[in-house]
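Below are the chains, spelled out letter by letter.
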Amino acid sequence: MEIIKIKNLSVKYNEHLAIKNINLNITSGEYVCLVGKNGSGKSTLLKAITGLIKKETGNIEFKIAKSDVAYLAQNNMTDENFPATAKEIIMTGLQKHHIKPFYTKANYSELEDIAKKLKIENIINKKIGALSGGQRQRVLLARTLISNPKILLLDEPCSGLDSMTIKSFYNILDELHKTTNITIIMATHDLQNITNPNIRIVALEQEIVFDGNINDFKNQEQTNGHQ
Ligand code: ADP
Ligand code: MG
């Protein structure tokens, strides 16, 4: 089932055209990586999907509720001195559903569940500033997932992390995708650490310049003498 249909989408910042004539349909359960150089429009496309930026022209049609879309922004670096534990930060992911910050037993059992899935059970009571970069990204991912979204939008979640940490982050995403059928759309800088053969690649250079399976993309890159 198609859950997002993007038709002829273009976005401008003042006079600068960031993305041009994007046509993209996302099917439920797909795992999509948006790739492309710096400035190719990945973040702009994700922000347009979240509604953070107004679309210039075109149309984005949702077949699910907007509240089922969760987004982890680029450069989500938290202040080292921020006086909150990982658990407190994860629980704020539920606040859009609550006017007052009271959590139910069900919320806490969701927290346990998500902490287990993301392998952060043993760190949720630590202060966020005491965690490593990779642990922090998992905590932020947990915060994004605790509202049980149907679509997960991730903007370069691994920038600044070392390759071991990146691999384990991607393994966790693979596992999550396999076990929950969540739809993932992730902007990423490079594909070196991605091994999942089922990923759909959408390559941007303002426009979509490739849309297809990751292995075909990698073969094409080799033929073109890139990488
Ligand atoms: P990517 O995420 O692939 O690096 P972006 O979507 O951030 O690309 O940027 C696409 C283009 O839009 C770039 O040329 C960038 O300089 C420009 N751009 C992005 N954000 C803004 C902004 N807030 N104001 C003006 N120009 C922007
Ligand atoms: Mg970006």
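Residues numbered from 1 in each chain as written. Chains lettered and ligands numbered in written order. Predicted model: local features only at pLDDT ≥ 70, side-chain atom pairs only at ≥ 80, totals over all residues. Heavy atoms only, no water.

*Asks:* Which parts of the structure should I look at to understand the site of ligand 1?
*Replies:* Within the structure, ligand 1 sits among Y13, H16, A18, K37, N38, G39, S40, G41, K42, S43 and T44. At a separation of 2.7 Å, an oxygen atom of ligand 1 approaches a polar backbone atom of G39. Computed on the free molecule, ligand 1 has an accessible area of 560 Å², of which 63% lies beneath the protein chains in the complex. Elements that contribute at least two residues to the shell around ligand 1 include exactly β2 (16-27) and α1 (42-50). Looking at the shell around ligand 1, the element that brings in the most residues is α1, giving three residues. In terms of residue class, the shell around ligand 1 is made up of two nonpolar, seven polar and two charged. (Near = heavy atom within 4 Å. Polar contact = N/O pair within 3.5 Å; in protein donor to acceptor, adjacent residues only side chain to side chain. Areas by Shrake-Rupley, 256 points an atom, 1.4 Å probe, with all protein chains shown as cover. Helix = DSSP H or I, 4+ residues; strand = E, 2+ residues; numbered from the N terminus. Nonpolar A, V, L, I, M, F, W, Y, C, P; charged D, E, K, R; others polar.)

*Asks:* Looking at this structure, I do not really get the pattern of salt bridges. What am I missing?
*Replies:* Side chains that carry opposite charge are capable of pairing whenever their charged atoms lie near each other. One pass over the structure, following the stated rule, counts nine salt bridges. Between E2 and K5 there is a salt bridge, and its shortest N-O distance comes to 3.5 Å. The exposure class assigned to E2 is partly exposed, which follows from its relative accessible area of 32%. Residue class for K5 comes out partly exposed when judged on its relative accessible area of 22%. A salt bridge links K20 to E207, with the nearest nitrogen and oxygen atoms 3.8 Å apart. Residue K20 is located in strand β2, and its partner E207 is located in strand β9 (residues 207-213); the two are separated by 187 residues in the primary sequence. (Salt bridge = Lys/Arg side-chain N within 4 Å of Asp/Glu carboxyl O. Buried < 20%, exposed > 50% of the residue type's maximum accessible area, 1.4 Å probe, protein only.)

*Asks:* Can you walk me through the packing of helix α4 (residues 133-145) against helix α5 (residues 163-180) in this structure?
*Replies:* Any two packed helices are characterised by how steeply their axes cross, that is the angle between the axes, and by the distance between the axes. Look at α4 against α5: their axes get within 10 Å of each other, and the N-to-C directions meet at 20 degrees. With respect to their mutual orientation, α4 and α5 come out roughly parallel. Crossing angle aside, the handedness with which α4 passes α5 is right-handed. Between α4, through G134, Q137, R138, L141 and L145, and α5, the contact on the second element is made entirely by T165, S168, F169, I172, L173 and L176. Along the lines of polarity and charge, the residues of the contact of α4 with α5 split into six nonpolar, four polar and one charged. (Axes fitted to C-alpha atoms, helices over the stretch in contact; angles between N-to-C directions. Parallel < 35°, antiparallel > 145°, perpendicular 65-115°, else oblique. Left-handed = near helix turned anticlockwise from the far one by under 90°. Contact = heavy atoms within 4.5 Å.)

*Asks:* Looking at this structure, how should I read the coordination of the magnesium ion (ligand 2)?
*Replies:* Under ideal tetrahedral coordination, the four donors around a metal are separated by 109.5 degrees; under ideal octahedral coordination, the six donors are separated by 90 or 180 degrees. At the metal site, the magnesium ion (ligand 2) is ligated by S43 (OG) and Q74 (OE1), and these contacts range over 2.0 to 2.4 Å. Pair noted here: S43 is in helix α1 and Q74 is in the loop between β5 (69-72) and α2 (86-91), with a separation of 31 residues, a long-range link. Judged by relative accessible area, S43 falls into the buried class, the value being 19%. (Donors = N, O, S within 2.8 Å, 3.2 Å for Na, K, Ca; no water.)

*Asks:* What is the right way to look at the confidence of the model for the protein in this model?
*Replies:* One rule of thumb: low pLDDT means the predicted coordinates there are not for detailed reading. Taken over all residues, the pLDDT of the protein has a mean of 90, while the share at 70 or more is 95%. Of all helices and strands in the protein, the one with the weakest mean pLDDT is helix α6 (residues 214-223) (90), whereas strand β3 (residues 31-35) scores best (98). (pLDDT = per-residue confidence, 0-100.)

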